[in-house]
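As a plain string of letters, each chain reads:
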Amino acid sequence: MIEVHIDRAKHLITVQGHAARPEGTPPGSNIICAAVSAITLTLIEGLESIANERISARVDTGDVSIEWDELSDIGSALIDTWFIGILKIQEAYGEITII
């Protein structure tokens, strides 16, 4: 199960865990994990490169955190767009808990 925690008041996003993998499937081949990882890493890059936000991001296998002090309108729009993607993945595949 992937757990997504968004706390705008505390300026924090965390994404933790892994989606269930069918037996015999090698690590790295789960479409849900790949999708969540791809859009989350794109969010980090977008916040830094497109919105020019000063963020602190930590990326480890199955564990990502993003923190910020303030966000511009562009930064907020990127997070809103990322969250829409998370909701669509949850709707299509499940395996995601949003807190």
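Residues numbered from 1 in each chain as written. Predicted model: local features only at pLDDT ≥ 70, side-chain atom pairs only at ≥ 80, totals over all residues. Heavy atoms only, no water.

Peer 1: Teacher, can you tell me more about the overall build of the protein here?
Peer 2: Check the secondary structure of the protein and you find two helices and five strands. When the helices and strands of the protein are placed in sequence order, the string is β-β-α-β-β-α-β. For 99 residues, the compact-globule formula gives about 13 Å, and the C-alpha radius of gyration of the protein, at 14 Å, lands near that figure. Along the three orthogonal principal directions, the C-alpha set of the protein runs to about 45 × 25 × 20 Å. Within the protein, the proportion of its 99 residues that are buried is 29%. For the protein, the exposed area adds up to about 6000 Å²; of that, 54% sits on carbon and sulfur atoms. Looking at the protein, you have 6 positive and 15 negative side-chain charges, and the mean spots of the two groups are 2 Å apart. (Helix = DSSP H or I, 4+ residues; strand = E, 2+ residues; numbered from the N terminus. Rg over C-alpha atoms; globule rule 2.2 N^0.38 Å. Buried < 20%, exposed > 50% of the residue type's maximum accessible area, 1.4 Å probe, protein only. Areas by Shrake-Rupley, 256 points an atom, 1.4 Å probe, with all protein chains shown as cover. Lys, Arg positive; Asp, Glu negative; His and termini not counted. Charge placed at Lys NZ, Arg CZ, Asp CG, Glu CD.)

Peer 1: Would you mind going over the environment of Leu 78 with me for this structure?
Peer 2: One can find Leu 78 in helix 2 (residues 73-93). Once the C-alpha coordinates of Leu 78 and Ala 51 are considered, the two residues, 27 residues apart in sequence, prove to be 8.3 Å apart.

Peer 1: Would you take a moment to explain the pairing of strand 2 (residues 12-17) for this structure?
Peer 2: Side chains on a regular strand alternate between the two faces of the sheet. The pairing of strand 1 (residues 2-7) with strand 2 spans six bridges and is classified as antiparallel. Bridging from a neighbouring strand, His 5 pairs with Thr 14 of strand 2. What sits between strand 1 and strand 2 in their antiparallel hairpin is a turn of four residues, with His 11 showing a positive phi close to 60 degrees. Bridge count for strand 2 against strand 4 (residues 63-68) is five bridges, and the pairing is antiparallel. Within the sheet, the bridge partner assigned to Thr 14 lies in strand 4 and is Ser 65. (Pairing = 2+ DSSP bridges.)

Peer 1: I tried to follow the pairing of strand 1 on my own but got confused; where do I start?
Peer 2: Here strand 1 runs beside strand 5 (residues 96-98); their pairing, made up of three bridges, is parallel. For Val 4, the partnering residue across the bridge sits in strand 5 and is Ile 98.

Peer 1: What is the right way to read unusual backbone geometry from this model?
Peer 2: The phi torsion of most residues other than glycine is negative, and most of the peptide bonds are trans. Phi at His 11 takes a positive value of approximately 60 degrees, unusual for a residue other than glycine. Its location among the elements puts His 11 in the loop between strand 1 and strand 2. One non-glycine residue, Asn 52, adopts positive backbone phi at about 55 degrees. Mapped onto the elements, Asn 52 comes out in the loop between helix 1 (31-49) and strand 3 (55-60).

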